[in-house]
Amino acid sequence: MARSRRRLRRRPNLATRRGRGSRSRRPKRPGHGGLGSKIDSRSRKDVYGKKASKEGYPARSVYKLEEIQRRARILRKGDRVLDLGAAPGSWTLYTAKEIAPNGKVIGYDLKECTIALPKNAELRVGDVTELDESELGRFDVVLSDMAPNTSGKRDLDMYRSYELYVTALEIAERLLKPGGNFVGKIFQGAEFEEARAKTRALFEKVRIIKPKAVRSESYELFLVGLKRREIVAPPSGEEE
Ligand code: SAM
């Protein structure tokens, strides 16, 4: 028994995707992943979940955005930020701190959020596919952590995630200032390359980030668009 544990520890990447049948009883520490078993994933959930409640965030997903911010510096003091798929509010809270004191973040979600917010953050209930954009103004950053309700049918879930990603990207296309940044969640499926190509068309640089807080068995990734390209087409009213 002791010998087999030692073997699993020395070859951690072989304990991949074994799910409930995994015999590993020594989950890897968070941040030491790559691929891992579900035991590893549950352990991470505990670590990130506990950290989130200790630090006052309603969800562990905050550490995904924190890593993206550390690696890509998407948010700056004073930014106006639109947060799509914001409930239960962790990204909104984190963003509010990063852009304080003069920045402002507005979050939208299908679900209502009940958390206390700082003055520079606002959470609204709404379907982002039906946003009234006319009163929103322009943003320095658009974030999307939107995820579909999963059906268990992998291809369908991947496609729905792609649709939500494209919805967020199109909102960014209309509302982001030139030079602005974008983060969008997408499940890595058949449409992933198409999503990346659409993102490249809009931004000078595109990065793919899979934060360590993403569960090891998850297909979720983030595409990060940096520096929205200058808008060359004139507004439609000027064409007449
Ligand atoms: N970033 C959030 C946080 O840190 O607290 C977590 C977001 S959660 C993973 C994904 C959210 O996307 C869900 O709350 C869901 O209601 C929302 N969502 C999915 N489709 C949406 C849509 N069409 N409009 C608005 N929100 C949507």
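Look up: the structure comes first, before these words.
We now turn to the structure provided with this report. Because the structure is predicted, anything quoted here is derived from the model rather than measured.

**Looking at unusual backbone geometry**
Here the amide bond leading from Ala87 into Pro88 is cis, since omega sits at 5 degrees, within 30 degrees of zero. Looking at where Pro88 falls in the secondary structure, it is placed in the loop between β1 (80–84) and α4 (90–99). In this structure, the amide linkage connecting Ala100 to the following residue, Pro101, adopts the cis form with an omega of 5 degrees. Structurally, Pro101 is set in the loop between α4 and β2 (104–109). A positive phi angle, close to 45 degrees, is found at Arg73, a residue other than glycine. Backbone geometry at Lys227 places phi at a positive 60 degrees, although glycine is not the residue there. Along the chain, Lys227 turns up in strand β7 (residues 220–228). Take Lys227: there are 14 C-beta atoms within 10 Å of it, and that puts it in the partly exposed class.

**Regarding the pairing of strand β5 (residues 176–187)**
With nine of 12 residues buried, β5 is to be regarded as a mostly interior element. Relative to β5, strand β4 (residues 139–144) is paired through five bridges, and the arrangement is parallel. Bridged to Val142 within β5 is Phe182. What joins β4 to β5 is helix α5 (residues 154–175), and the crossover it makes is right-handed. Here β5 pairs with β7 via six bridges, running antiparallel. The partner of Lys185 across the bridge, within β7, is Phe222.

**Re the environment of Glu173**
Turning to its location among the elements, Glu173 is positioned in helix α5. Residue classification places Glu173 among the partly exposed residues on the basis of 15 C-beta atoms within 10 Å. Counting along the chain gives 26 residues from Glu173 to Thr199, while the straight-line C-alpha distance between them is 9.6 Å.

**With respect to the site of the ligand**
For the ligand, the set of nearby residues contains 21 residues, the closest of which are Gly85, Ala87, Ser90, Trp91 and Asp145. Only α4 and β2 provide two or more residues apiece to the shell around the ligand. When grouped by side-chain class, the residues that make up the shell around the ligand number 12 nonpolar, five polar and four charged.

**Here's the deal with the sheet that holds β1**
The strand order across the open sheet built from seven strands is β3-β2-β1-β4-β5-β7-β6, with neighbouring strands paired in mixed fashion. Both outer strands of the open sheet, β3 (121–125) and β6 (203–209), are each paired with one neighbouring strand and no more. With direction set aside, neighbouring strand axes in the sheet form an average angle of 15 degrees. As paired elements, β1 and β4 share four bridges and run parallel to each other. Bridge pairing in β4 links Val81 to Val141.

**Observations concerning the nonpolar core**
With 47 residues, the main nonpolar core has Val81, Leu84, Val142 and Ala168 as its most contacted residues. By residue number, the principal contributor to this core is α5, which donates seven residues. For Val142, the residues in contact, after removing those within four places along its chain, are Leu82, Leu84, Ala168, Ile171, Ala172, Leu175, Leu176 and Phe182.

Calculation notes
- Residues numbered from 1 in each chain as written.
- Predicted model: local features only at pLDDT ≥ 70, side-chain atom pairs only at ≥ 80, totals over all residues.
- Helix = DSSP H or I, 4+ residues; strand = E, 2+ residues; numbered from the N terminus.
- Buried ≥ 20, exposed ≤ 12 C-beta atoms within 10 Å, placed from the backbone.
- Pairing = 2+ DSSP bridges.
- Right-handed = clockwise from strand over helix to strand, strands pointing away.
- Near = placed C-beta within 6 Å.
- Nonpolar A, V, L, I, M, F, W, Y, C, P; charged D, E, K, R; others polar.
- Axes fitted to C-alpha atoms, helices over the stretch in contact; angles between N-to-C directions.
- Core = buried A, V, L, I, M, F, W, Y, C linked by C-beta atoms within 7 Å.
- Contact = placed C-beta atoms within 7 Å.

Shape descriptors only; they carry no functional weight alone.
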